[in-house]
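Letter by letter, the chains look like this.
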Amino acid sequence: MTAESRRLEQCNEGGIPWKKWGPYLSERQWGTVREDYSDNGDAWNYFPHSQSGARAYRWGEDGLAGISDDRQQLCFALTLWNGQDPVLKERLFGVTNQQGNHGEDVREYYFYLDATPTHSYLKYLYKYPQAAYPYADLVTTSERRSRQEPEYELLDTGIFDENRYFDVCVEYAKADPEDILIRINVINRGPGTADLRLLPTLWFRNTWSWEADSIKPQLHREERGNDCRIIHASHHALGDYRLYCADTPALLFCENETNAWRLFNSNNISPYTKDGINNHVVCGQIDAINPACHGTKAAADYALHIPPGETREIWLRLCRTGSLNPDKIFTGFDALIRQRKKEADDFYENLSGKHLGKEQRRIVRQALAGMIWTKQYYEFDVQHWLDGHPRHSTRNTGWGHMQCRDIISMPDKWEYPWFAAWDMAFHALPLAMIDPAFAKQQLGLFLENRYQHPNGQIPAYEWNFSDVNPPVHAWAVYMVYQICQDYHDQNDLVFLKSAFASLERNYSWWETHREPDKNVYEGGFLGLDNIGVFDRSVELPTGGHLEQSDATAWMTLFSQNMLQIALELSLYDANYEQRVLSYLNRFMSTAAAMQDISDEHRDMWDDEDGFFYNVLRFPDGHSTRIKVRSLVGLLPLCAVTVIEQTTLDKLPLVAKHFGELVRRREHLTEHIFCPTRPGVEGRRLLAIVDEKKLKRILMRLLDEQEFLSPYGIRSLSKYHQQHPYEFHWNGQTFTADYQPGESTSPMFGGNSNWRGPVWVPVNILIIRALLTLYAYYGEDFRIECPTGSGNQRNLFQVARMITARLVRVFLPDKQGKRPVFGGAEKFQTDPHWRDHLLFYEYFHAEDGSGLGASHQTGWTGALAALLTLFGSLEEEELTELGMQEIPAILAGNHGSPADHD
């Protein structure tokens, strides 16, 4: 075991709280639903960025490169001022959904460079311009741009010209669970000497203003020590901590209280408001800070004068009172940070395996660092929030039972500082590789009574908990269970059994609420935003309803996953055997319902096109297929699983009744793959598509003029670039056309885009399906790949090829340029930028450039799981499988520039 592995074991099994402190601060609390008490539900304008420096938050805190305890009672983060900005840089800025021509987006450059699962070592880089930050320019220019134009990025403003910026790098290293060393390095990258005010800030989340009986904590200056300054933090529940600040900076104190006079023209509770340090430093208001040196917010004020190319280093230490010898505050400081960094190296070297090259290891490590840095403390008592609203009808009214006070893996702590249920399914895969206990806890969280609705629904996301995300939770539960078996030798039946019970409630909710016709489902937008011709979250312009190929395929996969979990549990408890047969029956009914059965005439399969489509059912009962070739028609391919012969051998009664059930419903097997037909090593295959349909779908999937892009699988077929699909109704034309980059359609909001780009999560589902099919067919099934190339590959090779194309997004080409950075020359060529990866929400299907949220490491970071899986294969296995060409992409270092810090 590595040192970090031992810490994980101590934390998860021994109760030692290594995770008590972590990167749990949001990067945007303003503009969130939690902070919105407006009468019109306009969260962006009710609490805008312009008020965030002076207005206390109700439900959480945000900060720059920050940490907090796991109840976010005490927070620490960086504050910066370059002498030019109109306000201190305390948090990240971005354009809102109304301001951005493609929706909300952060307008900052920051990078999660490293992290360990226990947060024993963390490293973060922020690039801070030396000129005044162009807040107004970013907003006004973005508002002027059309949807056909690219987004206006911070680099486009010219503020980084001549490298006139600071690299601000912060490292955290834990001496013990409640003793944190903090090293901040500030490098002047510009051509001239520049000044910077560095203000590391410690503050308490404001919990006292909202509850009558709450106890207000306090920070105060401690008069002790000649070689440092000390801020003493005292909290009735958290206890006492001290922040030791080397080099005797001035200490500035105020209160984390709203400046009501400035914002609302009403009286302040205290003269030393939340913006007191800002007003003192930026505006020169001497009386804005408390001369008595106490409050609930404090900063150490370092005035740095840095010549070009030079570095200034600041040391701080945050620890529980009594845990440290006051005479040895900074003894061994550098050595301990180096030790934690080495332990992080050992941990990831052990994970990645010897068959990953330097560039692939960089992808894995920075992806997983992003996964760890995007943990966030999330508090939201929905009923309390609803009770405080000025109106009776508001969003999330049916979710008053939700009481959230948890550390949650977020998609992106700026753009999505709230959980999303189906994102979490993909987060869990890489998290299970490095911290299985946390991955299982995250999946279990949404199945707790505090989250899951009494009717069985799993909450979707903060803007509308009642919206419907794809039902992938069971898939993730079983995948994580398998990862824990294979990677960690864990067989957690307690986790599996508990999840299964709650997932059954969720399955019943789908059957009750989303099954308009027997065994055919609808789910609204189902996470796919504006992929079709209609906004599926609102009433159709035609009336009637959509029989959704994707919703029905998701439910088919759901039934397969439940069957797999029940099979696993049956090996230990015979009471689950009947559940296996129940979900087999449901699988057969749902899978067959997608195709023409008897006289029901609801066939989603188009035999002429060889593809699945949604079916539009009109109010009078007649129907038509919506012939858009998209992920909607690929998802039936993903509804596939295998049952091992060895499992059936251990469960003879299940095997017997399994065969009897299939024979009783033999008419259904005429339309789907027969579940009793043995494959390689006697495996049974549960699939919607038979071999003939599979080949026809794969022909389109692997066609470079349809779905197969140089960087993975497109979300919409390139066919629709020259052949847009049009639907005419009552004088209106509804269109779906291929758009490889940002969407020009506002159908489902400003930044919604499934009209062509590559999305990693669905690619992962497709790759997983291909590997499952390979386990059944083996070498006997081969397909031309790419379509028209003449090259025949087995399905394992096809999965490897798609993975290689996904990974290519991040790898340097022969010129040393990474597709992910597109035309951003600074990122492509500057040694201080080019190796800091950004894990975007989705990727341009033709050039691989990153689009959407720039730090959606969650599901994009799941690439780390694919790389680790394929990178762990032995060379002999690769040769045997005929995959010699693939490691050159996955494990090579072709055209890689020299490594740079």
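Quick look at the structure, then.

What counts, and at which threshold
Residues numbered from 1 in each chain as written. Predicted model: local features only at pLDDT ≥ 70, side-chain atom pairs only at ≥ 80, totals over all residues. Heavy atoms only, no water. Helix = DSSP H or I, 4+ residues; strand = E, 2+ residues; numbered from the N terminus. Pairing = 2+ DSSP bridges. Axes fitted to C-alpha atoms, helices over the stretch in contact; angles between N-to-C directions. Salt bridge = Lys/Arg side-chain N within 4 Å of Asp/Glu carboxyl O. Buried < 20%, exposed > 50% of the residue type's maximum accessible area, 1.4 Å probe, protein only. Arc of directions from axis to C-beta. Expected span 1.5 Å × (residues − 1). Disulfide = S-S within 2.5 Å. Contact = heavy atoms within 4.5 Å. Polar contact = N/O pair within 3.5 Å; in protein donor to acceptor, adjacent residues only side chain to side chain. Phe/Tyr/Trp six-rings, centres within 6.5 Å; stacked < 30°, edge-to-face > 60°. Lys NZ or Arg CZ within 6 Å of the ring centre and 35° of its normal.

### Re unusual backbone geometry
Piece 1. For the bond from C785 to P786, the omega torsion is -10 degrees, close enough to zero to count as cis.
Piece 2. If you trace the backbone, P786 turns up in the loop between β33 (782-784) and β34 (792-794).
Piece 3. Although it is not a glycine, E162 sits at a positive phi angle of roughly 60 degrees.
Piece 4. Secondary-structure assignment places E162 in the loop between α4 (135-144) and β9 (165-176).
Piece 5. Phi at C293 is positive, roughly 60 degrees, even though this residue is not glycine.

### Brief notes about the sheet that holds strand β25 (residues 614-617)
Piece 1. Read across the sheet, 3 strands follow the order β22-β25-β26 without closing on themselves; strand pairing throughout is antiparallel. If you trace the sheet from one side to the other, it starts and ends with β22 (545-547) and β26 (623-626), each paired once. Geometrically, the sheet is characterised by an average inter-axis angle of 30 degrees between neighbouring strands, direction not taken into account.
Piece 2. In terms of strand pairing, β25 meets β26 through 4 bridges, oriented antiparallel. Bridge pairing in β26 places N614 opposite I626.

### With respect to the pattern of salt bridges
Piece 1. Enumeration over the complete set of coordinates arrives at 62 salt bridges.
Piece 2. Its salt-bridge partner being E704, residue R805 comes within 3.1 Å of it at the nearest N-O pair. Taken together, the positions of R805 in helix α23 (residues 795-808) and E704 in the loop between α20 (691-701) and β29 (708-709) put the pair 101 residues apart, joining distant regions of the chain.
Piece 3. Residue class for E704 comes out partly exposed when judged on its relative accessible area of 34%.
Piece 4. Each of E4, R7, R340 and E343 takes part in salt bridges that share partners, so that together they form one network.

### Description of α20
Piece 1. Of all the positions in α20, only K693, L694, I697, L698, R700 and L701 are classed as buried. For α20, the angular spread of the buried residues around the axis is 155 degrees, confining them to a single face.

### Topic: helix α8 (residues 358-373)
An α-helix turns once every 3.6 residues. As a result, residues three or four positions apart point the same way.
Piece 1. Under the 1.5 Å per step criterion, the end-to-end length of α8 is 22 Å for 16 residues, consistent within 8% with the ideal 22 Å.
Piece 2. Counting buried positions over the 16 residues of α8 gives 14, a clear majority of the element.

### Some remarks on the state of the cysteines
Piece 1. Tallied over the full model, the rule gives 0 disulfides.
Piece 2. Considering cysteine sulfurs only, C11 is the nearest to C484, which forms no disulfide, with 15 Å between them.
Piece 3. The structure places no disulfide on C638, whose sulfur is separated from the nearest cysteine sulfur, that of C785, by 16 Å.

### Observations regarding the side chain of S502
Piece 1. Tracing the chain through its elements places S502 in helix α13 (residues 493-513).
Piece 2. Setting aside chain neighbours within four positions, we find S502 in contact with L447 and Q452.

### Re the environment of Y135
Piece 1. By the secondary structure assignment, Y135 is in helix α4.
Piece 2. Along the sequence, Y135 and Y507 sit 372 residues apart, while their C-alpha atoms lie 47 Å from each other.
Piece 3. With near-sequence residues (within four places) excluded, Y135 lies in contact with H49, P86, V87, K89 and F93.
Piece 4. Only 3.1 Å separates the side chain of Y135 from the side chain of K89, close enough to count as a polar contact.

### A short note on the sheet that holds strand β17 (residues 294-295)
Piece 1. Across the sheet, which stays open at both edges, the 9 strands sit in the order β7-β8-β9-β10-β19-β15-β14-β13-β17 with antiparallel pairing between neighbours. Edge positions in the sheet fall to β7 (110-115) and β17, since each has one partner strand and no second.
Piece 2. Taken together, the 5 bridges between strand β15 (residues 239-246) and strand β19 (residues 311-320) define a ladder with antiparallel strand orientation. Directly across from R242, in β19, lies its bridge partner C319.

### Overview of the packing of aromatic side chains
Piece 1. Summed over the entire model, instances satisfying the criterion amount to 72 aromatic pairs.
Piece 2. When the ring of F160 is compared with that of Y165, the centres are 5.4 Å apart and the planes differ by 65 degrees; the resulting orientation is edge-to-face.
Piece 3. A residue is classified by how much of its surface remains accessible, and F160, at 2% relative accessible area, is buried.
Piece 4. Among the residues examined, Y165 registers a relative accessible area of 0% and is labelled buried.
Piece 5. Taken together, the aromatic side chains of Y37, W59, Y378, F380, W385, W399, F419, F446, Y451 and F465 make up a single cluster linked through ring pairs.
Piece 6. Of note, R586 hangs over the ring of Y583, and the distance from its end group to the ring centre comes to 4.7 Å.
Piece 7. The lysine or arginine in question, K695, covers the ring of F781, its NZ or CZ lying 5.5 Å from the ring centre.

Taken by themselves, the reported measurements are silent on function.
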